[in-house]
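# Inside the fold
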Amino acid sequence: MERPESPESPEEPSKEPPSLASMSINQITRIYCRERLIVNPLYWTSRQLELLQCSFTDPVPAPIPTRFEFTGERAGKRAIATMRYRWDSVGRDWGILDLVQFDGGPLQSERNSLRFRYGRLYKTLQYTTTFRARLEGGEKADSPAIAAYLNHTLFRDYREDKFYPHSHPRRGKNIAFSLYRLRLKKVTPSNCLFEPYVVAIMIAIAQEQQRATLKQQGPQLSDKSTFSAKLLSSSEDKDYLHLYTADFPSSFLDKLKYPSIPPPCPTPPISIQILAIPFKPYKSLRDRILALLLPSRYGEQNGGHDVEKNKVPSESRRLIDQGVDNTTPTAQDSEDSTSTDATMLSSTV
């Protein structure tokens, strides 16, 4: 006796998994649970940038300002001389910081004051100098960061020191150093211009701007509000400085602020542009740097630049790194922090 055929059930449409842009950070980490993703930004790799949908463009020449304010002695001759005749990491820092921060200038700097926040955790980002607005009386304004500066040479040395096996049994010396080299290679980008730590610094700048805006406007801040972050960087390259620029929408920053809550709408990918600033001519270097950091002061728009035009060769760029933690968190920050170094996505280290 033949068994009657059961009526065919209609095929259920296959559900596509949600995109990264629609998922919360916690959902992403659960999907990729075999990877160690929540770590100190110092150990970020390209994997973190991929999951956050952040990417670098190829470097392009920086635009030239239409007018110049600083000439003669005010053009920073002493700072330029320091860079030209002492081209080590310390002399380079002195020269560049003197060009950006000077008596009567629009900016003041703070050392190691920038914090990357993930939920209720935070991590002070080392070897970063933060630029903030200066009041007319010379006092530092209570305002969020405008930009930051990173010395890649010092930063690389700092990261290498973090991995270095300072204490190890005599018998396991070779094993310890082999692991040291493997772990360091894993977090060192193949293209030194595309350093993931740069992205963490820029996110921290945007987070600070968002917090300041929320204090002024209240919780009605739109998800479409964007915050502009800039990072000036130096390396052993004697021809160029580099400026990283990106706009971060509130919806992106909220994913880090509330890692367990999916965004109300998909977050857009973040494109980080790299501008190559030539040192020469030295007499206009101060104006060219400030015009990029403060475009409204120079009557220019800091809009997007065509990344396909006039590409600058990146093979000659050799960025290097180091850092030291000497900041003291406030009482409020101590409540938010935990003893863990976990502070956001980075692959197994």
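These figures come from a predicted structure and were not determined experimentally.

Rules of the game
Residues numbered from 1 in each chain as written. Predicted model: local features only at pLDDT ≥ 70, side-chain atom pairs only at ≥ 80, totals over all residues. Heavy atoms only, no water. Helix = DSSP H or I, 4+ residues; strand = E, 2+ residues; numbered from the N terminus. Buried < 20%, exposed > 50% of the residue type's maximum accessible area, 1.4 Å probe, protein only. Contact = heavy atoms within 4.5 Å. Areas by Shrake-Rupley, 256 points an atom, 1.4 Å probe, with all protein chains shown as cover. Phe/Tyr/Trp six-rings, centres within 6.5 Å; stacked < 30°, edge-to-face > 60°. Lys NZ or Arg CZ within 6 Å of the ring centre and 35° of its normal. Core = buried A, V, L, I, M, F, W, Y, C linked by side-chain atoms within 4.5 Å. Axes fitted to C-alpha atoms, helices over the stretch in contact; angles between N-to-C directions. Parallel < 35°, antiparallel > 145°, perpendicular 65-115°, else oblique. Nonpolar A, V, L, I, M, F, W, Y, C, P; charged D, E, K, R; others polar. 1 Å grid on protein atoms, 1.4 Å probe; cavity = no way out; pocket = protein on both sides within 12 Å on 5 of 7 lines; lining within 4 Å. Points joined across faces, edges and corners; volume = space filled by probe spheres on them.

Helix and strand counts for the protein stand at 10 helices and 10 strands. Out of the 349 residues in the protein, the part that is buried amounts to 50%. The long-range fraction of contacts in the protein, counting pairs at least 24 apart against all pairs at least 6 apart in sequence, stands at 75%. For the protein, the accessible area works out to roughly 18900 Å², and carbon and sulfur atoms hold 49% of it.

What follows deals with the packing of aromatic side chains. Taken as a whole, this structure holds 10 aromatic pairs when the rule is applied. With centroids separated by 5.4 Å and ring planes inclined at 85 degrees, the aromatic side chains of Tyr164 and Phe177 adopt a geometry described as edge-to-face. Here the residue Tyr164 occupies a position in the loop between helix H5 (152–163) and helix H6 (173–187), and Phe177 occupies one in helix H6, the gap between them amounting to 13 residues. For Phe177, a relative accessible area of 17% gives the class buried. Each ring, one from Phe177 and one from Tyr180, has its centre 6.4 Å from the other, and the planes form 85 degrees; the classification is edge-to-face. Residue Phe177 and its partner Tyr180 are located together in helix H6, separated by three residues, close to a single helical turn. By the ring-pair criterion, three or more aromatic residues cluster together here, those being Phe56, Phe194 and Tyr244. It is Arg286 that lies over the ring of Phe102; its NZ or CZ is 3.8 Å from the centre.

Time to look at the nonpolar core. Ranked by internal contacts, the top residues of the largest apolar core, which has 50 residues, are Ile203 and Phe248. If one sorts the elements of this core by residue count, helix H7 (residues 196–217) sits on top with 10 residues. Within the second largest apolar cluster, 28 residues are counted, among which are Leu97, Ile277, Leu292 and Leu293.

Contact pair H7 / helix H8 (residues 250–257): the axes reach a minimum separation of 10 Å and the direction vectors enclose 100 degrees. Taken as axis vectors, H7 and H8 run roughly perpendicular relative to one another. Residue-level contacts link Ile203, Ala206, Gln207, Gln210 and Leu214 of H7 to Ser250, Phe252, Leu253, Asp254, Leu256 and Lys257 of H8. Residue composition of the contact of H7 with H8, by class: six nonpolar, three polar and two charged.

In this section: empty space enclosed by the protein. Summed over the entire model, instances satisfying the criterion amount to one cavity of 30 Å³ or more. Empty space within the largest cavity amounts to approximately 50 Å³. Among the residues making up the lining of the largest cavity, the classes are represented as four nonpolar, three polar and one charged.

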